[in-house]
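Here's the letter readout for the chains.
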Amino acid sequence: MEAMYTMGLEIHYVGVIVLMGIVLFNITMLSLSKHVVRYAKRMRIVMPISASLIALILFTGMIMMAAKHLQFTMANSAMIVVAITMIVLEAKRYKTLKRRTDITREGAFDSYKEKAFRYLGIEAAMLLVISIWMLV
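Residues numbered from 1 in each chain as written. Predicted model: local features only at pLDDT ≥ 70, side-chain atom pairs only at ≥ 80, totals over all residues. Heavy atoms only, no water.

**Regarding the environment of Met-4**
Going by this rule: Only DSSP runs of H or I reaching four residues or more are called helices, and only runs of E reaching two or more are called strands; each is numbered from the N terminus. Per-residue accessibility, obtained with a 1.4 Å probe over protein chains only, is compared with the maximum for each type, and a residue is labelled buried under 20%, exposed over 50%, and partly exposed between these values.
Structurally, Met-4 is set in helix α1 (residues 2–32). For Met-4, a relative accessible area of 59% puts it in the exposed group. In the structure, Met-4 is positioned 83 residues away from Ile-87 in sequence and 27 Å away in space, judged by C-alpha atoms.

Written out as structure tokens, the structure reads:
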């Protein structure tokens with residue numbers, strides 16, 4: 001039982017680290033993008049990866065909580081709030097891309113970039129803060 005818990009914890013940590021990398025990749029991809037169509041195509045590839053990683057992190061977290069007899073500690077509650085917030089921010093970012101990227105409108109992509117950078121910055125900050133909190 002202890003080996004399974006340790007393996008679940010390691011998978012959880014690796015998932016969080018890879019998700020941090022995906023968020024940084026999204027920030028880099030957004031900052032280097034000049035054309036909305038190319039960016040949207042790339043985002044359609046990367047978004048399922050980040051959604052899958054969030055699901056992996058939630059799944060391994062639920063398994064570890066079950067192994068700890070569903071003890072809702074402050075850390076567990078904070079991780080649940082961060083995961084739900086990340087899901088909402090990713091959905092908002094995608095929804096904003098669908099709404100704001102009318103190619104005929106001037107400055108639509110720049111408007112999207114401002115909001116997307118804000119959402120990605122919040123995601124990166126939350127991941128960093130919760131990771132540091134768990135390591136301390």
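**What about a nonpolar patch on the surface?**
Rule in force here: By definition, no residue in a patch forms a salt bridge, and every one has over 30% relative accessible area; like charges are joined within 9 Å, nonpolar side chains (Val, Leu, Ile, Met, Phe, Trp, Tyr) within 5 Å. All accessible-area figures derive from a Shrake-Rupley calculation using a 1.4 Å probe, and residue coverage is judged against the displayed protein chains alone. Any Lys or Arg side-chain nitrogen located within 4 Å of an Asp or Glu carboxyl oxygen qualifies as a salt bridge.
On the surface, Leu-70, Phe-72, Ile-80, Ile-84 and Val-88 cluster together into a nonpolar patch covering about 480 Å² of accessible area. Relative to the helices and strands, Val-88 is located in helix α3 (residues 74–100). With relative accessibility at 41%, the residue Val-88 sits in the partly exposed group.

**Digging into the packing of aromatic side chains**
Here is the rule we go by: By convention, a stacked pair of Phe, Tyr or Trp rings (six-membered ring in the case of Trp) has centres within 6.5 Å and planes under 30 degrees apart, an edge-to-face pair has planes over 60 apart, and any other such pair is tilted.
As enumerated under the stated definition, the model contains 3 aromatic pairs in all. Centroid distance Tyr-39 to Tyr-112: 5.8 Å. Interplanar angle 55 degrees. Geometry classified as tilted. With Tyr-39 in helix α2 (residues 36–67) and Tyr-112 in helix α4 (residues 108–135), this residue pair connects regions lying 73 residues apart in the sequence. We classify Tyr-112 as buried; its relative accessible area is 0%.

**Focus: the pattern of salt bridges**
All chains considered together, the criterion is met by 1 salt bridge. The partner of Glu-90 in a salt bridge is Arg-93, with the nearest N and O atoms 3.0 Å apart. Of the two residues, Glu-90 and Arg-93 both sit in helix α3, 3 residues apart, roughly one turn of that helix. Its relative accessible area of 8% is what places Glu-90 among the buried residues.

**As for the packing of α1 against α4**
Applied cut-off: With axes taken as lines fitted to C-alpha atoms, and helix axes fitted only over the stretch in contact, angles between N-to-C directions fall between 0 and 180 degrees. Note that the term roughly parallel is reserved for angles under 35 degrees, roughly antiparallel for angles over 145, roughly perpendicular for angles of 65 to 115, and oblique for everything else. Left-handed is the label given to a crossing in which the near helix is rotated counterclockwise from the far helix by less than a right angle, and right-handed is the label when the rotation is clockwise. Should any heavy atoms of two residues lie within 4.5 Å, those residues are counted as being in contact. Classification convention: Asp, Glu, Lys, Arg as charged; Ala, Val, Leu, Ile, Met, Phe, Trp, Tyr, Cys, Pro as nonpolar; all other residues, Gly among them, as polar.
In the contact formed by α1 and α4, the axes pass within 10 Å of each other and the chain directions differ by 160 degrees. Between α1 and α4, the angle is such that the two are roughly antiparallel. Crossing of α1 against α4: the hand is left-handed. Facing Val-16, Leu-19, Met-20, Val-23, Asn-26, Ile-27, Leu-30 and Ser-31 of α1, the residues of α4 in contact are Phe-109, Tyr-112, Lys-113, Ala-116, Phe-117, Leu-120, Glu-123, Ala-124, Leu-127, Leu-128 and Ser-131. Residue classes in the contact of α1 with α4 are distributed as 14 nonpolar, 3 polar and 2 charged.

**Describing α4**
Condition: Expected helix span is given by 1.5 Å per residue-to-residue step, counting one fewer step than there are residues.
For α4, with 28 residues, the first-to-last C-alpha span of 41 Å sits near the 40 Å given by 1.5 Å per residue. What α4 keeps buried is the set Ala-108, Phe-109, Tyr-112, Lys-113, Ala-116, Tyr-119, Leu-120, Glu-123, Met-126, Leu-127, Ile-130 and Ser-131.

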